[in-house]
Amino acid sequence: MDTTSTTLPDRDTDERRIRDLVARADLTQNDPVALPALHTSDVVIINFGGRRLFGREAFTSAMAEALSTPLKDVRTALRVDDIRFVTRDVALVSLTKTVFDERPEAKSSAPMEGVMSCTLVREGDDWRIALAQTTPVR
């Protein structure tokens, strides 16, 4: 009789890991190596402006390009509003994204807000972002 079994973390552990993933994404927002690594290889990203990217490679390239422009002075802050588990290996995460435009030519210094929806999938012992879409709140 085989007594070895793979046990999955409980929901509280998964929720902590997901919140940690969001915190790491927040901290690495200007790192074109670390941030994409938090995503699946086939991630789909839809940014604040509606640009859609398919795959980690496209995301990495677009991010490196953006960081070489004045967009490097736009930073964001993420706040988790809700986590719902679709299955043990898939979670829907609702966030509020606050955007601070610190470019000298910015029309306003007031932050903008958006709502962000992410689909996360378990990969091994951790979670990865498989889909992220941000919609501006007007």
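What comes next concerns the included structure. Just so you know, these numbers come straight off a predicted model, no measurement behind them. (Residues numbered from 1 in each chain as written. Predicted model: local features only at pLDDT ≥ 70, side-chain atom pairs only at ≥ 80, totals over all residues. Heavy atoms only, no water.)

### Some words on the overall build of the protein
Looking only at helices and strands, the protein has three helices and six strands in total. Starting at the N terminus, the α and β elements of the protein follow one another as α-α-β-β-α-β-β-β-β. Taking all 138 residues of the protein together, the buried fraction comes to 36%. Taking contacts inside the protein between residues at least 6 apart in sequence as the whole, the part at least 24 apart equals 52%. (Helix = DSSP H or I, 4+ residues; strand = E, 2+ residues; numbered from the N terminus. Buried < 20%, exposed > 50% of the residue type's maximum accessible area, 1.4 Å probe, protein only. Contact = heavy atoms within 4.5 Å.)

### Some words on the environment of L120
Looking at the secondary structure, you find L120 in strand β5 (residues 112-123). Judged by relative accessible area, which is 2%, L120 ranks as buried. Setting aside residues no more than four positions away along its own chain, L120 makes contact with I18, L21, D89, V90, A91, V93, W127, R128, I129 and A130.

### Observations concerning the nonpolar core
Counting 24 residues, the largest nonpolar core has I18, V93, L95, C118, L120 and W127 as its most contacted members. For this core, the secondary structure elements donating two or more residues are α1 (11-27), β1 (39-46), α3 (56-67), β3 (74-87), β4 (90-101), β5 and β6 (126-136). Of all the elements, α1 adds the most residues to this core, at four residues. Beyond its immediate sequence surroundings of up to four residues, L95 is in contact with V22, L78, R79, V80, D81, G114, V115, M116 and C118. (Core = buried A, V, L, I, M, F, W, Y, C linked by side-chain atoms within 4.5 Å.)

### Overview of the environment of F85
Structurally, F85 is set in strand β3. Distance from F85 to L120, taken between C-alpha atoms, is 9.4 Å for residues 35 residues apart in sequence.

### Concerning the sheet that holds β6
Strand order in the open sheet formed by six strands is β2-β1-β6-β5-β4-β3, and the pairing between neighbours is mixed. Among the strands making up the open sheet, the edge pair consists of β2 (52-54) and β3. Each strand of the sheet is rotated relative to its neighbour by a mean of 20°, with strand direction disregarded. Sheet analysis places β5 next to β6, joined by 10 bridges and oriented antiparallel. Bridge pairing in β6 links L120 to I129. (Pairing = 2+ DSSP bridges. Axes fitted to C-alpha atoms, helices over the stretch in contact; angles between N-to-C directions.)

### Details of the layout of surface pockets
Estimated volume of the largest pocket: approximately 1,100 Å³. Listing elements by their share of the lining of the largest pocket, those giving two or more residues are α1, β1, α3, β3, β4, β5 and β6. The biggest single contributor to the lining of the largest pocket is α3, with six residues. (1 Å grid on protein atoms, 1.4 Å probe; cavity = no way out; pocket = protein on both sides within 12 Å on 5 of 7 lines; lining within 4 Å. Points joined across faces, edges and corners; volume = space filled by probe spheres on them.)

### Considering the packing of aromatic side chains
Applying the stated criterion across every chain yields a total of one aromatic pair. Sitting above the plane of the F100 ring, R75 keeps its charged end 4.3 Å from the centroid. (Phe/Tyr/Trp six-rings, centres within 6.5 Å; stacked < 30°, edge-to-face > 60°. Lys NZ or Arg CZ within 6 Å of the ring centre and 35° of its normal.)

### Here's the deal with α3
With 12 residues, α3 should reach 16 Å at 1.5 Å per residue; the first-to-last C-alpha distance of 16 Å fits that figure. Among the residues making up α3, those that are buried are F59, A62 and M63. Taken down its axis, α3 places every buried residue within 100° of arc, on the same side. Set apart from the buried face of α3 by more than 90 degrees, the exposed residues are E57 and E65. Contacts made by the buried residues of α3 are with α2 (34-37), β1 and β2. (Expected span 1.5 Å × (residues − 1). Arc of directions from axis to C-beta.)

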